[in-house]
Amino acid sequence: MQRILAFFLLILLFACDTDTSDRNPYLQEIGFRFDINTNLPLYSDLTNEGSAIYIGNSQAGTRGIFVIKTLSAFAGYRAFEASCPNHTPSNCSTMTLDTSRNSVTCECDEYNYSLFTGQLLTKLDNDQRFYNMLEYRVSAGNGVISVTN
């Protein structure tokens, strides 16, 4: 039994990634939990596939969060930080939602991101370093969507 336990501890030790080179230097990854009751009129849009909302609550992310109802993949929902991943949080870094395209735009420089993937849609110079949107964990059940980091 001790050998098995030691084996699993070694796996955990070597499986932990201590490389922080891909961490976004602009955004802190703060811990939070925000529950969304889709039975409330404020959040009822999240019952329709392809619908997205902005939640500007100070207890959800750095500058709020964007939540989109996807297909059944990803537990049916995805959630992303509302602060632009390529700028330090500022007056212009809170992104705006474009529901007609299911994307968001950073007002600082008009960078555009997909809410289905979190990827930057704006073409940049080849040598320019950029970050995709910071995604949060989502679980859903019984009409409640929980977004956590």
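A few points on the structure. In every chain, residue numbers begin from 1 and rise along the written sequence. Under the rules for a predicted model, residues below a pLDDT of 70 receive no local features and side-chain atom pairs below 80 are neither given nor counted, while totals for whole chains, interfaces and linings still include all residues. Neither water nor hydrogens contribute to the side-chain values; these are computed over all heavy atoms in the structure.

## Some points on the nonpolar core
Next, step 1: Buried Ala, Val, Leu, Ile, Met, Phe, Trp, Tyr and Cys residues form a nonpolar core when they are joined through side-chain atoms within 4.5 Å. Note on exposure labels: buried denotes an accessible area under 20% of the residue type's maximum, exposed denotes more than 50%, and partly exposed covers the range between, all computed with a 1.4 Å probe on protein chains only. Grouped together as the largest cluster of nonpolar side chains are 18 residues, with contacts concentrated most on Phe34, Ile36, Ile55, Ile65, Val67 and Val147.
Next, step 2: Residue assignment for this core shows that the elements contributing at least two residues are β1 (33–37), β2 (52–55), β3 (65–69), β4 (77–81), β8 (135–141) and β9 (144–148). Here a strand is any run of E in DSSP of at least two residues, a helix any run of H or I of at least four, and the numbering for each starts at the N terminus.

## Section: the environment of threonine 122
Next, step 1: Among the secondary structure elements, threonine 122 is positioned in the loop between β7 (112–114) and β8.
Next, step 2: Given a relative accessible area of 26%, threonine 122 falls into the partly exposed group.
Next, step 3: Measuring from C-alpha to C-alpha, the distance between threonine 122 and threonine 105 comes to 9.6 Å, with 17 residues separating the pair along the chain.
Next, step 4: The contact rule is simple, with two residues in contact once any of their heavy atoms fall within 4.5 Å. Setting aside chain neighbours within four positions, we find threonine 122 in contact with Glu110, Tyr111 and Asn112.
Next, step 5: Contacts described as polar in this section are N or O atom pairs within 3.5 Å, which, within protein, must combine one atom able to donate a hydrogen with one able to accept it, while residues neighboring in sequence count only if both atoms come from side chains. In terms of polar contacts, threonine 122 uses its side chain to reach the backbone amide nitrogen of asparagine 112, at 2.7 Å.

## A few points about the side chain of threonine 70
Next, step 1: Position of threonine 70 relative to the elements: it lies in the loop between β3 and β4.
Next, step 2: For threonine 70, a relative accessible area of 6% gives the class buried.
Next, step 3: Excluding residues that lie within four positions of it along the chain, threonine 70 makes contacts with Glu49, Gly76, Tyr77, Arg78 and Phe116.

## Quick look at unusual backbone geometry
Next, step 1: One non-glycine residue, asparagine 102, lies in positive phi territory at about 50°.
Next, step 2: Looking at where asparagine 102 falls in the secondary structure, it is placed in the loop between β5 (96–98) and β6 (103–105).
Next, step 3: Residue classification places asparagine 102 among the buried positions, given a relative accessible area of 14%.
Next, step 4: Even without glycine at this site, glutamate 110 takes up a positive phi of about 65°.
Next, step 5: Mapped onto the elements, glutamate 110 comes out in the loop between β6 and β7.

## Section: the sheet that holds β5
Next, step 1: Two strands qualify as a pair provided DSSP detects at least 2 bridges between them. Judged by pairing direction, the sheet is antiparallel, and its 3 strands sit side by side in the order β5-β6-β7 without closing on themselves. The open sheet has two edge strands with one neighbour each: β5 and β7. Strand-to-strand twist in this sheet, taken as the mean axis angle between neighbours without regard to direction, amounts to 30°.
Next, step 2: The pairing of β6 with β7 spans 3 bridges and is antiparallel. Of the residues in β7, the one forming a bridge with serine 103 is serine 114. Think of each axis as a best-fit line through the C-alpha atoms, taken over the contacting stretch in the case of a helix, with angles from 0 to 180 degrees between the N-to-C directions.

## Quick notes on the state of the cysteines
Next, step 1: Here, a disulfide means two cysteine sulfur atoms that sit within 2.5 Å of each other. Considering all chains together, one arrives at 1 disulfide under this definition.
Next, step 2: Its sulfur unpaired, cysteine 84 is 3.3 Å from the next cysteine sulfur, which belongs to cysteine 106.
Next, step 3: Judged by relative accessible area, cysteine 84 falls into the buried class, the value being 0%.

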